[in-house]
Amino acid sequence: MITVGNFRIGDEERKIINEVLASGRISEGKFVKRFEREFAKKVGRKYCCVLSSGTSALIAGLLSLIYSGRIKKGSKVITTPVTYIATSNAIVIAGLKPYYVDIDRDTFCIIPEKIEELIKEEGEDDFSLILPVHLMGYPCDMDEINNIAKKYNLLVFEDAAQAHNTKYKGKNVGTFSIMADYSFYIAHNIQVGEMGAVVSDDVKLINLIRPVSYTHLTLPTN
């Protein structure tokens, strides 16, 4: 029987854990840096920054877009309500406004046509970002989502918390946007207990995230 959080540790893992404990440093050490390099390469992005959880990855990623001037605090983010609550929480904590559209019943993924319908209904003003969720390993239609984003001058941030190694047209999800987040919580297909990561090809965004991930999160003042 496989249960949620069926955490198995073998001899190799125990050896590395003991090595970490013996080093006197349990965070930001050589294994963290090694993981960041190797996971970025595995996904197909240039950079990776590890955080304490997938929720932290979402929050820090959104804040980096605000601090960098890519999106405005208080702007609207289009996403799906059918996901873990962290997606919506992160949007609100970052000072943004979640707007929801429906999902496909077969794939559990956001429907691109509904995104455009919402934009037309609400008006283009104040929308800044589309945050699709690749729920339970099902890839969203990133071509259509990116076409809509380009048409309305929006950015795309992929929530790939549950989609490690999920492919869309032969490429890993998490590579079709300005950045993506992953979670390594015990219920996910790659687990370490508690951890999250942000991946991107933009080193400026990653450098903004690094100090945020190692200190208390603060919201921008303007």
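### Here's the deal with the sheet that holds strand S1 (residues 47–51)
Okay, so step 1: Strand order in the open sheet formed by seven strands is S1-S9-S8-S5-S4-S2-S3, with mixed pairing between adjacent strands. A single partner strand is all that each edge strand has here, and the edge strands are S1 and strand S3 (97–100). Pairs of neighbouring strands in the sheet enclose a mean axial angle of 25°, with direction left out of account.
Okay, so step 2: Relative to strand S8 (residues 179–183), strand S5 (residues 155–159) is paired through three bridges, and the arrangement is parallel. By the bridge assignment, Glu158 is partnered in S8 with Ala180.
Okay, so step 3: Strands in contact with helix H2 (residues 30–43) are S1, S8 and strand S9 (196–200); relative to S1, the strand with the most contacts, it is inclined by about 130°.
Okay, so step 4: Packed onto the sheet, helix H4 (residues 86–93) meets strand S2 (76–79), S3 and S5 and runs at close to 140° relative to S3.

### Quick look at the pairing of S5
Okay, so step 1: In terms of residue burial, S5 counts as a mostly covered element, since four of its five residues are buried.
Okay, so step 2: A crossover links strand S4 (residues 127–130) with its parallel partner S5, the connecting element being helix H6 (residues 142–151), and its sense is right-handed.

### A few points about the packing of aromatic side chains
When we look at a pair of aromatic rings, we describe it by the centre distance and by the angle of the planes.
Okay, so step 1: The final tally for this structure, using the stated rule, is seven aromatic pairs.
Okay, so step 2: With 5.4 Å between their ring centres and 75° between their planes, Phe39 and Phe184 make a pair best called edge-to-face. Pair noted here: Phe39 is in helix H2 and Phe184 is in the loop between S8 and S9, with a separation of 145 residues, a long-range link. Each of the two residues, Phe39 as well as Phe184, counts as buried.
Okay, so step 3: Where Tyr99 meets Phe127, the ring centres are 5.5 Å apart and the plane angle is 75°; that geometry is what we call edge-to-face. Of this pair, Tyr99 sits in strand S3 while Phe127 sits in strand S4, and the two are 28 residues apart along the sequence.
Okay, so step 4: The buried category is assigned to Phe127, whose relative accessible area is 8%.
Okay, so step 5: Within the aromatic cluster, the residues linked to one another by ring pairs are Phe35, Phe39, Tyr182 and Phe184.
Okay, so step 6: Between the NZ or CZ atom of Lys171 and the centre of the ring of Phe176, over which it lies, the distance is 5.0 Å.

### Some remarks on the packing of helix H5 (residues 112–122) against H6
Okay, so step 1: Where H5 contacts H6, the two axes come as close as 9 Å, and the packing angle between them is 20°. Overall, the two elements H5 and H6 adopt an arrangement that is roughly parallel. With respect to the hand of their crossing, H5 and H6 are arranged in right-handed fashion. Where H5 abuts H6, its residues Pro112, Ile115, Glu116 and Ile119 lie against Glu144, Ile145, Ile148 and Lys151.
Okay, so step 2: Looking at the contact of H5 with H6 residue by residue, the class counts come to five nonpolar, no polar and three charged.

Parameters at a glance
- Starting afresh in each chain, residues are numbered from 1 along the sequence in its written order.
- Since the coordinates come from a predicted model, pLDDT governs what is reported: local features require at least 70, and pairs of side-chain atoms require 80 or more to be given and counted, while whole-chain, interface and lining totals use all residues.
- Only hydrogens and water are set aside; all other atoms, that is, all heavy atoms of the structure, feed into the side-chain values.
- Note: two strands are recorded as paired if DSSP finds a minimum of 2 bridges between them.
- A run of H or I in DSSP counts as a helix once it spans at least four residues, and a run of E counts as a strand once it spans at least two, with each numbered from the N terminus.
- To obtain each axis, a line is fitted to C-alpha atoms, and for helices this fit is confined to the stretch in contact; angles are then taken between N-to-C directions over 0 to 180 degrees.
- Contact definition: two residues touch when any of their heavy atoms are within 4.5 Å.
- Only protein chains enter the accessibility calculation, which uses a 1.4 Å probe; a residue is then buried when its area is under 20% of its type maximum, exposed when over 50%, and partly exposed in between.
- Orienting the strands away from the viewer, one traces the path from the first strand over the helix to the second; a clockwise path indicates a right-handed crossover.
- Aromatic rings from Phe, Tyr and Trp, with only the six-membered ring used for Trp, were paired whenever their centres fell within 6.5 Å, and each pair was classed as stacked if the ring planes differed by under 30 degrees, edge-to-face if by over 60, and tilted otherwise.
- Only when the NZ atom of a Lys or the CZ atom of an Arg is both within 6 Å of the ring centre and within 35 degrees of the ring normal do we say a charge sits over the ring.
- Throughout, the term roughly parallel applies to angles under 35 degrees, roughly antiparallel to angles over 145, roughly perpendicular to angles from 65 to 115, and oblique to all others.
- In a left-handed crossing the near helix is turned counterclockwise from the far helix by less than a right angle, and in a right-handed crossing that turn is clockwise.
- Classification convention: Asp, Glu, Lys, Arg as charged; Ala, Val, Leu, Ile, Met, Phe, Trp, Tyr, Cys, Pro as nonpolar; all other residues, Gly among them, as polar.

Geometric values such as these leave the question of function open.
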